[in-house]
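# Geometric and topological summary
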Amino acid sequence: MYGNICGDITEFLDKNRRDMPIILREAYCFAAYLLLKDIEVNNTDILAGKWNWEENNGMKSPYPRGTYREIEEMQQCEICSKTDFLEIRDAIHMGLLVRSPGGHVVPGYDLFLNTGFDKTIEKIKKYIRSDREQKEKLNFYKSQLIVMKAAQECILRYAKEAERKGNKEIRNNCEWIAHKVPHNFYQAVQLLWFMHEFAKDDTQGIVISLGRIDQYLYPWYKEDKEKGIITYDKAFEIMQELWKKLAQQDHGFQNIILGGKDHEGKDVCNDLTKICMECTLKRRTEQPSLSLRIHNNMPEEIWDKAFQLICTGIGMPSLFNDEICVLAKMNSGVSREDAENFSVVGCVELTIGGQEFSHTEGLRINWLKVMELMLNNGTCLITDRKWSLKHSYRLDDINSFKDFFDWYVEELLHVTEKACIFIDNADKIYSFHWPTPFISSLMEGCLESGLDVTAGGTKYNNLSVNNAGMANVVNALQAIEDIVFEKKIVNITEIPKILECNFEGYEELRNKIVACPKFGNNIESVDLKLENLIRILCEYIGKLRCHRGGKFQAGFYSVQVHGTMGELTGASMDGRKSRTALASSLSPTQGSDVNGPTALLNSLKDLPMDKFGNGMVLDVKFTPDFMRNQRHVNAVKNLVKVYFANGGMEIQFNVIDKMTLLKAQATPENYYDLIVRVSGYSAYFVALSKTLQDEIIQRTELS
């Protein structure tokens, strides 16, 4: 059956076997795409391959692009009730919840580069021979064989086209890696690109990141360099071509993480670490996204190269504290050995490459919307939709700030509970409707278990709960404590009307609210509120378990959702106007951190970041003039070191001035290549929504 993969695909397409098991149908559709896709090779190309799934999207079954599709399937399987459907639907409509499931994984490219096609195919055949009596496993193994043979054949198609165009290097490389492990650095990079291209095809472009490429590509580079086969400059040229291909997809969230240390605590930075940063320095594109693992023994030349890149203003690399990230993954159920090899997927989501599938964008909760619903008896100010509160207290029965704070905690956990039940139930249907056979072929444990990665086949199977609007909430709580319960300037029963009016007619009151202490200024009364809320939430989430056997893990970053959630959120007691952006991730509300960068970092130092298994973001903005002074750059570098020594997990920088952003907003045609850091990722400024543009413009400029 598997001797003629092209014949099998043709037969499948002709007969349109809709009665076939979904895992086989997905494998055949994927194979059909690879065998029929357009192949292009020019005689001047250095690397072959191109990601162009949209040109051939008729060959792949639809991946769920929205939660409503998931809910429909859940209802048909009687996993969720009509009431659950309506409640989650309304929560999404009103911006209380956001879900972007699927994808978001770092495949085990390192493992495959050291195994190759022929050995992998032989391994699959052994499982087929040994598990013939177990039908479901047998179907899975057959799907693995189909996608592997199709990928192999696709690479050979590139070899034939390269021969036709007279490109001998690509022909030779493709003919070799279609069967064997790479025997040099050039071939390793070529095979890496093909596997990444195919992985993106398997998930229709959903977020796939590349992990620690400076580590798993280094053995080939080191050996070639020692043999005199390659030079630093030649390796740079090859990696530039890889960067060019990764840049084909804007907003691709193709994260590459560099540096770090080994199990003995020794630094592992190398020539490829520098080459990767130099590629981004030269190309200045938003893709790939670059991250850097920081530890005490990192060489100064790597620090310098990182800040040289940061000072360009493109927001890369984001910096991660090795020690805290390892602890966070261990608290998510990962062994220390595996945690020490963590990668980053998408924006800032910590993951274990080739071993973890955790729907890292599976859920995001709008903290500020929770408060809006409390103040309005469960009714959304924007959409007029309803949410069932756990306790519908009368506001005039709230006699103290403690009463209000405790009520907020109850409602936040109530939303979290319902949301976690939903995403766990939604996760149950993935292997039945949207398996990913090629991704599964690159994940440790899937072959051994005979299960697709969406069915829990890999080693770590967590689910993720992310959060947004944290600074808005603690600032609002502080204002309620000060304005309502201490100074008694306004009664709590008046707040809903004031917010519904968007502060019109209450400008003097809004000024007093804006003048209240704000998060990000090292003010204990505010900072402690955030610490308490996050500790309570992380403790609650940390006790939950999902049906695939893993844990729920918390994340505190917002991508671009602080913009869209803000557009669906009414005015709030932090002084924010209706339909404007929320605070970005764990950063202060825009323009409210006025006591300088040291005070900002001190506001976060007591947060339990070792419980943030799905990562976090802290955005900091410096002016270009400030960062042109090397003494200032050194001061920022030392600030990061102190922040990480105090338990900080992540930090990223925008180095741009407000005037440039205003000009770009007014005349986008003159600033098409302006890249900024949004929240966890970099993007072309003119391509962002006005809400996000305004949010970035309003961030505090430190100098």
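A short tour of the structure in this document, coming up. These numbers come from a predicted model, not from an experiment.

Aromatic rings considered in pairs are described by the distance between their centres and by the relative angle of their planes. This structure, assessed with the given rule, holds 21 aromatic pairs. Ring geometry for Trp 303 versus Phe 307: centroids 6.2 Å apart, planes at 25 degrees, classification stacked. Of this pair, Trp 303 and Phe 307 are both found in helix H14 (residues 300-310), four residues apart, which corresponds to roughly one turn of the helix. One exposure class covers both Trp 303 and Phe 307, and it is buried. Grouping aromatic residues by their ring pairs yields a cluster made of Phe 30, Tyr 158, Phe 194, Phe 198 and Phe 438. Across the ring face of Tyr 557, the terminal group of Arg 364 is positioned such that the distance to the ring centre comes to 4.8 Å. Between the NZ or CZ atom of Arg 510 and the centre of the ring of Phe 503, over which it lies, the distance is 5.9 Å.

Spatially, four strands are ordered E1-E7-E8-E9 in an open sheet, and the strand pairing comes out mixed. Each of the sheet's edge strands pairs with one partner strand only, and the pair in question is strand E1 (97-98) and strand E9 (552-555). In this sheet, strand E8 (residues 463-468) lies alongside strand E7 (residues 364-366) in parallel orientation, the contact comprising three bridges. In the strand pairing of E8, Arg 364 is matched with Asn 466. Of the strands in this sheet, E8 and E9 are in contact with helix H25 (residues 524-542), which crosses E9 at around 155 degrees.

Two strands in a sheet stick together by hydrogen bonds in their backbones, pointing the same way (parallel) or opposite ways (antiparallel). Within the open sheet, the five strands sit side by side as E2-E3-E4-E11-E10. Their pairing is mixed. What marks the edges here is a single partner per strand, and that holds for strand E2 (255-259) and strand E10 (619-622). Across this sheet, the average inter-strand angle for adjacent strands is 25 degrees, counted without regard to direction. Pairing between E2 and strand E3 (residues 289-294): five bridges, direction parallel. Residue Gly 259 lies in a different strand from E3, and its bridge partner there is Arg 293. Packed onto the sheet, helix H29 (residues 630-645) meets E3, strand E4 (318-321), E10 and strand E11 (650-655) and runs at close to 160 degrees relative to E11.

Cut-offs and rules
- Residues numbered from 1 in each chain as written.
- Predicted model: local features only at pLDDT ≥ 70, side-chain atom pairs only at ≥ 80, totals over all residues.
- Heavy atoms only, no water.
- Phe/Tyr/Trp six-rings, centres within 6.5 Å; stacked < 30°, edge-to-face > 60°.
- Helix = DSSP H or I, 4+ residues; strand = E, 2+ residues; numbered from the N terminus.
- Buried < 20%, exposed > 50% of the residue type's maximum accessible area, 1.4 Å probe, protein only.
- Lys NZ or Arg CZ within 6 Å of the ring centre and 35° of its normal.
- Pairing = 2+ DSSP bridges.
- Contact = heavy atoms within 4.5 Å.
- Axes fitted to C-alpha atoms, helices over the stretch in contact; angles between N-to-C directions.

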